[in-house]
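The chain contents come next:
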Protein chains: 2
Amino acid sequence: MSRRGEAAWLKDYDASAYPPFALTVDLCIFTIRDDVLQVLLVRRSDHPYKGFWALPGGHVEHGRESAEDAAVRELCEETGIAWEGHLEQVRTYSDPQRDPRIKAGLQVASVAFAALAPSLPEPSAGSDAADVRWWPVAEVPELGYDHARILADALERVRSKLEYTSLATQFVEEPFSLGELRKVYTAVWGEAPDLGNFRRKVLSTPGFVVAAAARGESGGRPAQLYRRGEAVLLHPAMLRPSG
Amino acid sequence: MSRRGEAAWLKDYDASAYPPFALTVDLCIFTIRDDVLQVLLVRRSDHPYKGFWALPGGHVEHGRESAEDAAVRELCEETGIAWEGHLEQVRTYSDPQRDPRIKAGLQVASVAFAALAPSLPEPSAGSDAADVRWWPVAEVPELGYDHARILADALERVRSKLEYTSLATQFVEEPFSLGELRKVYTAVWGEAPDLGNFRRKVLSTPGFVVAAAARGESGGRPAQLYRRGEAVLLHPAMLRPSG
DNA sequence: ACAAAAGTGTTTTCAGTACACCCATGC
DNA sequence: GCATGGGTGTACTGAAAACACTTTTGT
């Protein structure tokens, strides 16, 4: 097939033959504050679901962005920081009834992402949000759209990814101690992995963490500090305490 | 928020304010034929990528379907059977440049699915395909769009899901012998798990398989037959031989 | 001295690995 | 008998679980 051949059919191509979908992204931005897993929610200042708490997100800009690009852009707009951490596509939600705008002839499909971050600055409400705040995942209020479902899926994804990847290191600021890293697992799983076994598992997995020279101080004995290693997958997995 | 309140803003909602996306599904339909993992491909009879082999798929019907619904419908159209097996959403591809129709002003986002099936009837070419056939995954030709990438992602998903779920049972017809089930792992991983260890792992996992009364005959000793159990997750996972 | 956090051993238990061996059937 | 596929046994190894214990700091 030649480039010239492509151009020919493109001239005749009728884009309007296909009814329009809107493509949006929804973000589950997780962090750990006060040793508890928290998620960023915004209170909607516009219809639909005006007044409801919901996941931050927005429209993918047509012709210029992928859903991933849009997620990074929205993350920046919502949290005020240039995103550099891990961004995980969870899944896409496209049920026609999931967004009330179907009644106006618009079917909205949304690509959900999970983002993990070390503790972030307190966010400030943007243009399209009446309020923004971190919520402990156990205390989230009723959410608009199908965001309760999306959040549940994202949470399960994060929990299980901790088991077989080095994802937990995305929640801590470098350099970090093994105690800090263990707190991540404790917060996400709701139960603390055994201290000794945890240390052995992390240190015996090549590339999970790499030692950093410095030592910090807190209340007790200074800890050896580490940075993130190159390893992504854990083989075998670190199993959560109660299966 | 009242229903009455919703109706009010909907009247003023301008759906055309958002540029149109097309939403499609791409299907990686896997089966095992001749003890080899195979995938269904179609040869495109229309632009774009006319003449290229590609994954089957098509447009989500606006206002009437979710991507999952569309996947089931396309599966039926492509393979001629009412789908009852497992359908796994892999991820969504939305890079503006992934589909040449962006030059005609249409950005096409595609939700990819992986479907697993026991051996299916030989497919016949449908209206929008010049040819249809099964391809061993090691021998697939050059593909149109970004389908090589999609297929690679789906393959990796299937391979890893065999490790920690009972997904393999979706590839065999009930009732099945453990030898048949083991062939699934062999085909997907490219290496045979140890016979004895495999049997022990499967039989010791509650709900992986349940014994069926009948016994079959082939060339050798008749095998105990099984049906799929209720278990979905394997804890701990069954690891593939070479990491 | 004592609290707090880091870090080390040790014993038990269990699961994965590798491989050898026995069973039932058709030809 | 022997090929074919089904099925069992066992010794070796290594990692996970549970828990006790020691070390180094701040106050």
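All values reported here derive from a predicted model rather than from experimental measurement. (Residues numbered from 1 in each chain as written. Chains lettered and ligands numbered in written order. Predicted model: local features only at pLDDT ≥ 70, side-chain atom pairs only at ≥ 80, totals over all residues. Heavy atoms only, no water.)

Chemist: I keep staring at the domain arrangement of chain A and nothing clicks. Help me out?
Modeler: One frequent convention defines the size of an interface as the accessible area lost when the parts assemble. All names here are of chain A. With domains assigned, chain A is organised as domain 1 (11–154) and domain 2 (165–228). When domain 1 packs against domain 2, close to 890 Å² is buried across both sides, 70% of that on carbon and sulfur atoms. On the domain 1 side of the contact with domain 2, I32, L116 and P118 bury the most area, a combined 53% of that side's loss. If you look at where domain 1 meets domain 2, you find one salt bridge. In this structure, the salt-bridge partner of K183 is D35, at a minimum N-O distance of 3.9 Å. The interface formed by domain 1 and domain 2 contains one residue pair in polar contact (both at pLDDT 80 or more). At the level of elements, β1 (21–33), β2 (36–44) and β6 (107–117) are the ones that each hand at least two residues to the side of domain 1 that touches domain 2. Ranked by residue count, the leading element in the side of domain 1 that touches domain 2 is β1, at three residues. (Domains from an automatic or database assignment. Buried area = accessible area lost by both parts, 1.4 Å probe. Salt bridge = Lys/Arg side-chain N within 4 Å of Asp/Glu carboxyl O. Polar contact = N/O pair within 3.5 Å; in protein donor to acceptor, adjacent residues only side chain to side chain. Helix = DSSP H or I, 4+ residues; strand = E, 2+ residues; numbered from the N terminus.)

Chemist: Explanation requested: the protein's contact with DNA strand C in the structure shown.
Modeler: Taken together, 20 residues lie near DNA strand C, and R199(A), Q224(A), N197(B), K201(B) and R221(B) sit nearest. Put simply, 51% of the atoms of DNA strand C that lie within 4 Å of the protein are in sugar or phosphate. Measuring from a phosphate oxygen of DNA strand C, one finds a side-chain N or O atom of K201(B) at 3.1 Å. Within the side chain of R221(B), one N or O atom sits 3.2 Å away from a base oxygen of DNA strand C. For the surface near DNA strand C, the elements supplying multiple residues, two or more each, are α5 (195–204) of chain A together with α5 (195–204) of chain B. Residues that form the surface near DNA strand C fall into these classes: six nonpolar, seven polar and seven charged. (Near = heavy atom within 4 Å. Nonpolar A, V, L, I, M, F, W, Y, C, P; charged D, E, K, R; others polar.)

Chemist: I tried to follow the relation of the copies chain A and chain B on my own but got confused; where do I start?
Modeler: Taken together, a rotation about one axis and a shift along it account for how the two chain copies relate. When chain A is brought onto chain B, the operation consists of a screw motion whose angular component is 180° and whose axial shift is 0.0 Å, with 0.1 Å RMSD remaining. The transformation relating the two chain copies, once decomposed into turn and shift, fits a two-fold axis. By C-alpha distance to the rotation axis, the residue of chain A lying nearest is P20(A), at 2.2 Å. Take the interface residues of chain A: 100% of them recur as interface residues in chain B, which is what a same-surface contact looks like. (Least-squares fit on C-alpha atoms with pLDDT ≥ 70 in both. Contact = heavy atoms within 4.5 Å.)

Chemist: So what exactly am I meant to see when it comes to the packing of aromatic side chains here?
Modeler: Aromatic ring pairs are reported here in terms of the distance separating the ring centres and the angle at which the planes meet. In the structure shown here, the tally under the stated rule is 11 aromatic pairs over all chains. Look at Y49(A) and F52(A): their rings are 5.4 Å apart centre to centre, the planes differ by 80°, and that puts the pair in the edge-to-face class. Centre to centre, the rings of Y185(B) and W189(B) are 5.0 Å apart; their planes meet at 65°, and the pair counts as edge-to-face. In this pair, Y185(B) and W189(B) are both assigned in helix α4 (residues 178–189), four residues apart and thus about one turn of the helix distant. The same class applies to Y185(B) and to W189(B), which are both buried. An aromatic cluster of at least three residues, connected via ring pairs, comprises Y49(A), F52(A) and Y145(A). (Phe/Tyr/Trp six-rings, centres within 6.5 Å; stacked < 30°, edge-to-face > 60°. Buried < 20%, exposed > 50% of the residue type's maximum accessible area, 1.4 Å probe, protein only.)

Chemist: Before we go on, may I ask you to explain the packing of helix α3 (residues 147–164) of chain A against helix α4 (residues 178–189) of chain A in this structure?
Modeler: Relative placement of two packed helices is described by the angle separating their axes and the distance separating the axes. Residue and element names in this part refer to chain A. Two elements in contact, α3 and α4, have axes separated by 10 Å at closest approach and are oriented at 140°. By crossing handedness, the relation of α3 to α4 is classed as left-handed. Along its contact with α3, which presents V158, R159, L162 and E163, the element α4 presents V184, Y185, V188 and W189. Partitioning the contact of α3 with α4 into residue classes produces six nonpolar, no polar and two charged. (Axes fitted to C-alpha atoms, helices over the stretch in contact; angles between N-to-C directions. Left-handed = near helix turned anticlockwise from the far one by under 90°.)

Chemist: What am I meant to see in the interface of chain A and chain B here?
Modeler: Every contact between the two is made by 48 residues of chain A and, on the other side, 49 residues of chain B. In this assembly, chain A packs against chain B so that about 4200 Å² is buried in total across both faces, 67% of it on carbon and sulfur atoms. Counting across the interface, chain A meets chain B through two salt bridges. For E68(A), the salt bridge identified is with R91(B), shortest N-O distance 2.9 Å. Seen at the junction of chain A and chain B, the total is 17 residue pairs in polar contact (both at pLDDT 80 or more). Secondary structure elements with two or more residues in the side of chain A that touches chain B: α1 (3–12), β1, α2 (67–79), β5 (87–93) and β6 of chain A.

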